[in-house]
Amino acid sequence: MKGILKSMMVTASTFARKPVTREYPESHRELPERDRAFPLLLWDEDINEPFCTGCHACERACPVECMTVIMKDNPNHTAHDGPSKRRKIIDSFYIDYGRCMRCNICVEVCNFEAIAMNNTWQGHETSVYDRSDLVMDLPQLLAESKAGEIQEWVAE
Amino acid sequence: MVVEAPSEFETQDLLINVGPQHPSTHGVFRMVLEIDGEVVKDLVPYIGYLHRGAEKLCENNDFRQGIGYMDRTEYLAAHNAELSYVMAVEALGEIEVPERAQWIRMILCELNRISSHFMFLGAFGIDVGVFGTPFIYAWRERETIIDLFEEISGDRMMYAYFRAGGLAWEVPANFENRVREVLASAQQGVKDFDGLLTENEIFIARTKGVGFISAEDAIEMGMSGPTIRASGVPLDIRKTEPYLFYDQLDFEPITANGGDVFDRYIVRLQEISQSIDLIGQCLERLQPGPITPERMPRMLRLPEGEAYIRTEAPRGEYGVYMVSKGGNKPHRLKVRSACLSNLQALKQMSVGQYVADAIIILGSIDIVLSEVDR
Amino acid sequence: MSTEIFGIENVNVWVDGLIRVLLIVGFMTVVVMGLIYGERKILARFQQRLGPTRTGPMGLLQSVADALKLVGKEDLRPRNADPWTFELAPYLVFVPVFLGFVIVPFVLDWQIRILELGLLYFVAITGVNIVGWIMAGWGSDNRYAMIGGMRAAAQGISYELPLVLALVSVAMVVEVPLADGEVARGSLNLNEIVASQHEVPNIVWQPLVVVVFFIAGLAELNRTPFDIPVGESEVVGGPFVEYSGIRWSMFFLAEYAALLIMSLLFAAVFLGGWAWPAGIFTDEDWPRWAQALLVAGKASIFVFMVFWVRASVPRLRIDQLMGFSWKILLPLMLAQVMVNGLVLVYDWPEIILTVVGLIGIVALFAMVDRAVRQPRQRPASAAQLQSEAV
């Protein structure tokens, strides 16, 4: 019976320790800067347009084919007396968050540093009532970066 | 002791379905037991509830995209799964991996071994019947390890961190301090489990002498990992065919003599302590340096050939057999799963025991269904 | 006939009984719900987590929420269930437990009835709920329920014996002061048992009996490590697997009410109840409310120990459980009864009882150790089945 008493002593010592529970959603854990939630597009504030030019590099690299990318001629290009150097710009961009496996490959292959993984809590709290609401379109993907809430982490 | 029924009673054997949904957390596994009173006479396992076609999917994805799928074939020890795949690619392409990347890979694989063994201890505690205390202790320890993984790779379970030739990006600056913190907490966790379960008389009465498999039978069935080491066979791939830099480390495979459930538990508990020691040795040898080779092509194309690489995952020998016919995708990828081979011995270990023991024996093999079914 | 209650004279005996019953039932329901909440909180603290926190302040309304949920569930009945046994089983489990509250001594004169054969009544009544378990198991037309019911019956019957012998060995040596100044020994009247402890509680004289009563009590309550009928991985609900809603909650309430009775009995028989150190029948008594708090404190020691054991210890297998009762606990209790008898007859000093009790505890530890270390006995057909399986 000594072993049983020893087990009870171990449990008693745990009784005295502070509980490790965190009461979500009142208190959120602080996320590390490399945290990898779903992908987002970045907004170029100097020129007021997205960084993304719609070059399809991420769409081809995605293992689960969760993106749909359509590009268009940029009306803001210097050829049309605009400030931008991008000849083409993104027209519509759909990412299906239900298929994305957050592998980070789209970030690695992007030539323009236009896509980044969301490292805030909003990236993790993406519950919806209807599964088709998980397909995010361009305004939804740009919303957080436009509002200045993103501090993306770039791997050296 | 069971009293044999007198022969004038006509008794019937009962078929019990221990269904795909378990109260104990092993995943979707089904077994049909034929019992006579309390004694198990026959056992038929059914698998395949978690088959997702990972091997076929990898044929359509190139060598970087496939790493995400390998994570998901063994989600509790994902670094080990990625390691086999990435080493197979490097063997086929004859890519040199820099030293620092190798040491960091070893540290991460050993940390994953610790977290996987803690998960085993938690689930095993529930199988044996303690209400929830070992499970919560296990998750408390896993939280510290997984938080560290999140700081390094960004994800808590599906890391996709290893790449052919090294690592995806450099570890954070406080890596060494964080690892030492995690090791200190893991050591406390081992002490808690040791005090809670190892000398508990009821635990010993439940697990000693149960589910015995002899060394010869285990070798014939092709078992590996802690399950076979508990039967006395000192088979540890890190010692017999050293990969990465395991030949520079100082350790001995942990074995036990009994071959029963208690020995499998003890071997895994002691392996956690051994891994803590190994990580300490790796940290001493870690030097600054590059983590990828100098010239890595953007799109990796491998010459024709085939390679079979095996590593010591927490559950046994996890092997990746890759056939390449040129091009940037594997022609065929086969995963040799440790749990599937270990599961073959379930019937032999359980027949002749009581029903309650069959549950414990299944728990002691420590299967994770995503590896069995892929 | 008339009696007085709460200072009101000439109350009809039946009305008096009814008032007491209603008070106790009301008190018991609230306390049982508090016990369920307390168990979840205390178990959570043993596991380094918080328990219920969201329903009501600090989760206090959790039991109320559970009760409302259970009451609102659909009342399922398997098509092939035997109607009489299936319907009556919850009552046969629930009612004897409530009847057991008749003799529990809360404070002097604060109980339903003082029975001369109080302990005998208690033991007899708690034996009836085993029949309820078998009825639930058999009437459910479900092989898992039947397995669970048979196991519960075997366990319940096996552990009755050490429990009864434990109570008997205490009742034997109780001192009852008679009217003419003499002292009689031996009584089953719970009030007298409590009153005889006004200087020294029984735990000092009978340490082994306390340990055995605790273990046998855990088995009678179907609590870890003896909760095979209700907690096994493959017979998830045991005999109650086909019940839902209110009927299941009756089983659940019965379990906690039995826990409450057992703990109050433990406080009364072994720890001195309301009499130690409060004193009896004198003017330096503690006031009644203080005695009630004292009894509550002693009962909660037992309850805390039950929860503590639940958080720490694995479950026994059915054959190990039976072996433990018949081969270890029963011989020890028989020896204890003999020693008590010798002390009673030959008028030896009572310190012998303590010494023998402590030796008995050491013997218990040694016997358990030896039983665990010896090589395991396999079923007789095991070797043949194994060779066929390869």
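Residues numbered from 1 in each chain as written. Chains lettered and ligands numbered in written order. Predicted model: local features only at pLDDT ≥ 70, side-chain atom pairs only at ≥ 80, totals over all residues. Heavy atoms only, no water.

(A) Seen up close, the overall build of chain A. Looking only at helices and strands, chain A has five helices and seven strands in total. Starting at the N terminus and walking to the C terminus, you meet the elements of chain A as α-β-β-β-α-β-β-α-β-α-β-α. Over its C-alpha atoms chain A spans a radius of gyration of 22 Å, topping by over 25% the 15 Å that the globule rule assigns to 156 residues. Expressed as lengths along the three principal axes of its C-alpha atoms, the size of chain A is roughly 85 × 35 × 30 Å. Looking at the 156 residues of chain A, the share that counts as buried comes to 46%. Accessible area for chain A stands at about 8900 Å²; split by element, carbon and sulfur atoms hold 50% of it. Seen as two clouds, the 18 positive and the 25 negative side-chain charges of chain A have centres 10 Å apart. (Helix = DSSP H or I, 4+ residues; strand = E, 2+ residues; numbered from the N terminus. Rg over C-alpha atoms; globule rule 2.2 N^0.38 Å. Buried < 20%, exposed > 50% of the residue type's maximum accessible area, 1.4 Å probe, protein only. Areas by Shrake-Rupley, 256 points an atom, 1.4 Å probe, with all protein chains shown as cover. Lys, Arg positive; Asp, Glu negative; His and termini not counted. Charge placed at Lys NZ, Arg CZ, Asp CG, Glu CD.)

(B) Seen up close, a nonpolar patch on the surface. Taken together, Met-58, Leu-60, Leu-61, Val-64 and Leu-68 of chain C make up a surface patch of nonpolar side chains, about 500 Å² in accessible area. With respect to the element layout, Met-58 of chain C can be found in the loop between helix H1 (13-46) and helix H2 (62-71). (Patch = residues over 30% accessible without salt bridge, like charges linked within 9 Å, V, L, I, M, F, W, Y side chains within 5 Å. Salt bridge = Lys/Arg side-chain N within 4 Å of Asp/Glu carboxyl O.)

(C) Focus on the sheet that holds strand E2 (residues 30-36) of chain B. Residues and elements named next belong to chain B. The three strands are arranged E1-E2-E3 in an open sheet whose pairing can be described as antiparallel. Each having just a single partner strand, strand E1 (14-18) and strand E3 (39-46) make up the two edges of the open sheet. Within this sheet the neighbouring strands show an average axis-to-axis angle of 20°, counted without direction. Summarising the sheet, E1 and E2 pair through five bridges and their orientation is antiparallel. Each residue of the ladder has a partner; that of Leu-14, found in E2, is Ile-35. Each of E1, E2 and E3 touches helix H14 (residues 355-365); the most contacted strand, E2, lies at about 155° to it. (Pairing = 2+ DSSP bridges. Axes fitted to C-alpha atoms, helices over the stretch in contact; angles between N-to-C directions. Contact = heavy atoms within 4.5 Å.)

(D) Spotlight on helix H5 (residues 143-172) of chain C. Compared with an ideal rise of 1.5 Å per residue, which puts 30 residues at 44 Å, H5 of chain C spans 44 Å between its outermost C-alpha atoms and is within 8% of the ideal. With 21 of its 30 residues buried, H5 of chain C lies for the most part within the structure. (Expected span 1.5 Å × (residues − 1).)

(E) Fine view of empty space enclosed by the protein. Residues and elements named next belong to chain C. Scanning the model with the defined rule gives six cavities of 30 Å³ or more in all. In this structure, the largest cavity spans a volume of roughly 210 Å³. Around the largest cavity, the lining comprises 16 residues; the ones closest to its centre are Asn-129, Trp-133, Glu-220, Leu-221 and Asn-222. Contributing elements (two or more residues each) for the lining of the largest cavity: helix H3 (83-99), helix H4 (118-139), H5, helix H8 (207-220) and helix H10 (246-269). In terms of residues, the lining of the largest cavity owes the most to one element, H10, which gives four residues. Considered class by class, the residues forming the lining of the largest cavity number eleven nonpolar, three polar and two charged. For the lining of the second largest cavity, the secondary structure elements donating two or more residues are H3, H4 and H10. Residue classes in the lining of the second largest cavity are distributed as eight nonpolar, three polar and one charged. (1 Å grid on protein atoms, 1.4 Å probe; cavity = no way out; pocket = protein on both sides within 12 Å on 5 of 7 lines; lining within 4 Å. Points joined across faces, edges and corners; volume = space filled by probe spheres on them. Nonpolar A, V, L, I, M, F, W, Y, C, P; charged D, E, K, R; others polar.)

(F) Spotlight on the confidence of the model for chain B. In the predicted model, chain B carries a mean pLDDT of 87, and 96% of its residues have values of at least 70. Across the whole predicted complex the pTM is 0.88, and at the interface the ipTM reaches 0.87. (pLDDT = per-residue confidence, 0-100.)

(G) The side chain of Ser-370 of chain B, seen in detail. Among the secondary structure elements, Ser-370 of chain B is positioned in helix H15 (residues 369-373). Once you skip the residues sitting within four places of it in the chain, Ser-370 of chain B turns out to touch Leu-50, Arg-52, Arg-72, Thr-73, Glu-74 and Tyr-75 of chain B.

(H) Region of interest: the packing of aromatic side chains. Residues and elements named next belong to chain B. On inspection of all chains with the given rule, the structure shows 35 aromatic pairs over all chains. Measuring from centroid to centroid gives 6.2 Å for Phe-124 and Tyr-265, while their planes differ by 25°, and the two rings are stacked. Highlighted residues: Phe-124 in helix H4 (residues 99-128) and Tyr-265 in helix H11 (residues 261-285), separated in sequence by 141 residues. This pair shows no difference in class: Phe-124 is buried, exactly as Tyr-265 is. (Phe/Tyr/Trp six-rings, centres within 6.5 Å; stacked < 30°, edge-to-face > 60°.)

(I) Molecular detail of the pairing of E3 of chain B. Residue and element names in this part refer to chain B. One ladder, built from seven bridges, connects E2 with E3; its direction is antiparallel. Bridge assignment links Glu-34 to a residue of E3, and that residue is Asp-42. Turn length for the E2-E3 hairpin, with the two strands adjacent in sequence and antiparallel, is two residues, and the turn residue Gly-37 shows positive phi of about 75°.

(J) Geometry of the sheet that holds strand E7 (residues 316-324) of chain B. All names here are of chain B. The three strands lie next to each other as E6-E7-E8, forming an open sheet whose pairing is antiparallel. Here the strands that pair on one side only, and so sit at the sheet edges, are strand E6 (305-313) and strand E8 (332-336). Going from strand to strand, the sheet's axes swing by 10° on average, the running direction of each strand aside. Taken together, the nine bridges between E6 and E7 define a ladder with antiparallel strand orientation. By the bridge assignment, Glu-312 is partnered in E7 with Glu-317. Contacts between helix H3 (residues 78-93) and the sheet are confined to E6, E7 and E8, with E6 contributing the most and set at about 150° to the helix.

(K) Region of the structure containing the interface of chain A and chain B. On the side of chain B, 35 residues touch chain A, which itself brings 32 residues to the contact. Overall, the association of chain A and chain B removes approximately 2700 Å² of surface from exposure, summing both partners, and the carbon and sulfur fraction of that is 45%. In terms of surface lost to chain B, no three residues of chain A exceed Arg-34, Arg-36 and Met-101 of chain A, which account for 24% of the buried area on that side. If you look at where chain A meets chain B, you find eight salt bridges. There are 21 residue pairs in polar contact (both at pLDDT 80 or more) connecting chain A and chain B. Among the residues forming the side of chain A that touches chain B, the class breakdown is 16 nonpolar, six polar and ten charged. (Buried area = accessible area lost by both parts, 1.4 Å probe. Polar contact = N/O pair within 3.5 Å; in protein donor to acceptor, adjacent residues only side chain to side chain.)

(L) Layout of the pattern of salt bridges. In this structure the tally under the stated criterion is 50 salt bridges over all chains. In this structure, the salt-bridge partner of Arg-29 of chain A is Asp-147 of chain B, at a minimum N-O distance of 3.3 Å. On the criterion of chain membership, the pair formed by Arg-29 of chain A in the loop between helix H1 (2-15) and strand E1 (39-41) and Asp-147 of chain B in helix H5 (residues 133-153) is interchain, its members lying in two chains. Here Glu-110 of chain B makes a salt bridge to Arg-238 of chain B, at a shortest N to O gap of 3.2 Å. In this pair, Glu-110 of chain B sits in helix H4 while Arg-238 of chain B sits in helix H10 (residues 237-240), placing the two residues 128 residues apart along the sequence. Comparing Glu-110 of chain B with Arg-238 of chain B shows no difference in burial state: the two are buried.

(M) Fine view of the nonpolar core. One finds Phe-93 of chain A together with Ile-114 of chain B to be the most contacted residues of the largest nonpolar core, which totals 258 residues. By residue number, the principal contributor to this core is H10 of chain C, which donates 16 residues. Two domains share this core, each providing at least three of its residues, namely domain 1 (1-72) and domain 2 (77-374) of chain C. Setting aside chain neighbours within four positions, we find Phe-93 of chain A in contact with Leu-41, Cys-52, Cys-58, Met-67, Thr-68, Val-69, Met-136, Asp-137, Leu-138 and Leu-141 of chain A. (Core = buried A, V, L, I, M, F, W, Y, C linked by side-chain atoms within 4.5 Å. Domains from an automatic or database assignment.)

(N) Summary view of the packing of H1 of chain C against H10 of chain C. All names here are of chain C. Orientation of H1 relative to H10, taken along the N-to-C sense of each, is 95°, at an axis distance of 9 Å. Considering the angle they form, H1 stands roughly perpendicular to H10. Taken together, the residues of H10 that come into contact with H1 (itself represented by Met-28, Val-31, Val-32, Leu-35, Ile-36 and Glu-39) are Phe-252, Leu-253, Tyr-256, Ala-257, Leu-259 and Leu-260. Taken together, the residues of the contact of H1 with H10 sort by class into eleven nonpolar, no polar and one charged. (Parallel < 35°, antiparallel > 145°, perpendicular 65-115°, else oblique.)

(O) View of the packing of H1 of chain A against helix H11 (residues 288-312) of chain C. Two numbers describe how H1 of chain A lies on H11 of chain C: the axes approach to 9 Å, and their chain directions differ by 105°. By the criterion of interaxial angle, the relationship of H1 of chain A to H11 of chain C is roughly perpendicular. For the pair formed by H1 of chain A and H11 of chain C, the contact residues are Ser-7, Met-8, Met-9, Thr-11, Ala-12 and Phe-15 of chain A on the first element and Phe-304, Met-305, Trp-308, Val-309, Ala-311 and Ser-312 of chain C on the second. Class assignment of the residues belonging to the contact of H1 of chain A with H11 of chain C gives a composition of nine nonpolar, three polar and no charged.

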